[in-house]
Amino acid sequence: MAISPSHILGELIGNFFEDAMKEPIEKFSKENNLYFDKKGPRKARKGKLITWTDIDGNKHDLDYVLEKGGTECIIGKPVAFIELAWRRYTRHSKNKVQEISGAINPIVERFEQTQPFKGAILSGEFTSTSLEQLRSQGFCVLYIPFKTLVPVFERNGLNINFDENTSESELNQIVENWKNTPIGTLNLIKEGLLKEYSNEIEVFIKALSSNVNRQIEHIYILPLHGKSVELTSICSAIEFIGNYTFSLECTELQYINIIVKYTNGSNVECHFKTKEQAIDFLNIIR
């Protein structure tokens, strides 16, 4: 079955967009001594895809993962998950956004004690509702609309503007023109894109840096001692609290509550049954 020229053009734009956005993320990774995992061979995993398992044991193929302590041969601790997506029409945007959140959120939940960064870099046509859906779930979103992407290409002599009314012959011509465009020109377009959106990229990188480089501001530890009392009514509960007095006989450790507050405003709260579990947690976030 022949592949439609609109599909081919969409793949060309999507791959170009992904390649361009890789540069600022890779630069950040090197500056912060992080391993930048992207699609391609790596000795630490099988195949070319980046696959992570979520809290329920489901596997998801991802675009970019930044790891602390990761190497070519060792999978490190994930500090950022970043997904990329290109969509030409808004009717596809909602499904893609749900796909992104459906993959990343359960993985981040698995690592809730360290709260990795959640990012989405999108281009093309996405509704404001779909973008807000991601932001409301804690994603940092970098969005490049199609209408502003087109002029960046046009300035270097390549027209990529198309819609549902563009004829197949016109689409074929756009694809042919793209394939005949010298690598040097495509690199100029990529540089132009990064320059055009330098402010938005900087905001995204600052949010990424704020999460990755956050420092512990305060650690609150509350050991809970005593024995629980089971009551059957509000009145009896009020009476118990009113008559409650501390007794050294009720000093059994029930759990340890730890709240960690970071310099970027985020915090992590955990309950541990034993001292050993609490110490393990503190070593993880060290």
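Scroll up a little and you will see the structure.
What comes next concerns the included structure. (Residues numbered from 1 in each chain as written. Predicted model: local features only at pLDDT ≥ 70, side-chain atom pairs only at ≥ 80, totals over all residues. Heavy atoms only, no water.)

Observations regarding the packing of helix α2 (residues 93-110) against helix α3 (residues 128-136)
Going by this rule: A fitted line through C-alpha atoms represents every axis, and for helices the fit uses only the stretch in contact; the resulting angles, taken between N-to-C directions, go from 0 to 180 degrees. In this description a helix means any DSSP run of H or I spanning at least four residues, a strand means any run of E spanning at least two, and both kinds are numbered starting from the N terminus. In what follows, roughly perpendicular refers to angles from 65 to 115 degrees, roughly parallel to angles under 35, roughly antiparallel to angles over 145, and oblique to any angle outside these ranges. Throughout, a contact is declared for two residues whenever any of their heavy atoms are within 4.5 Å. When residues are grouped by polarity, Ala, Val, Leu, Ile, Met, Phe, Trp, Tyr, Cys and Pro land in nonpolar, Asp, Glu, Lys and Arg in charged, and all others, Gly among them, in polar.
Two numbers describe how α2 lies on α3: the axes approach to 9 Å, and their chain directions differ by 10°. Considered as vectors, α2 and α3 are oriented roughly parallel to each other. Seen from α2, the contacting residues are Ser93, Lys94, Val97, Gln98, Ile100 and Ser101; seen from α3, they are Ser130, Gln133 and Leu134. Its residues assigned to classes, the contact of α2 with α3 comprises three nonpolar, five polar and one charged.

Thoughts on the environment of Asp37
Counted only if it meets this: Counting of polar contacts relies on pairs of N or O atoms within 3.5 Å, with two restrictions inside protein: one atom must be capable of donating a hydrogen and the other of accepting it, and residues adjacent in sequence are counted only when both atoms are side-chain atoms.
Topologically, Asp37 is positioned in strand β1 (residues 35-37). Remark: the alpha-carbon pair of Asp37 and Glu72, spanning 35 residues in sequence, is separated by 8.9 Å. In contact with Asp37, other than residues within four places in its own chain, are Arg42, Arg45, Ile50, Asp63, Tyr64, Val65 and Glu67. For Asp37, the side chain forms a polar contact with the side chain of Arg45, separated by 2.9 Å.

Digging into the sheet that holds β1
Sheets are built from strands paired through backbone hydrogen bonds, the pairs being either parallel or antiparallel. Our working rule: Any two strands with at least two DSSP-identified bridges between them are counted as paired.
Sheet architecture is open: five strands sit in the order β1-β4-β5-β6-β7, paired in mixed fashion. Two strands in the sheet have a free side with no partner beyond their single neighbour: β1 and β7 (140-145). Looking at each pair of strands side by side, their axes are set apart by 15° on average, direction ignored. Both strand β6 (residues 117-124) and β7 contribute to a ladder of six bridges, which runs parallel.

Any link to function would need more than the numbers given here.
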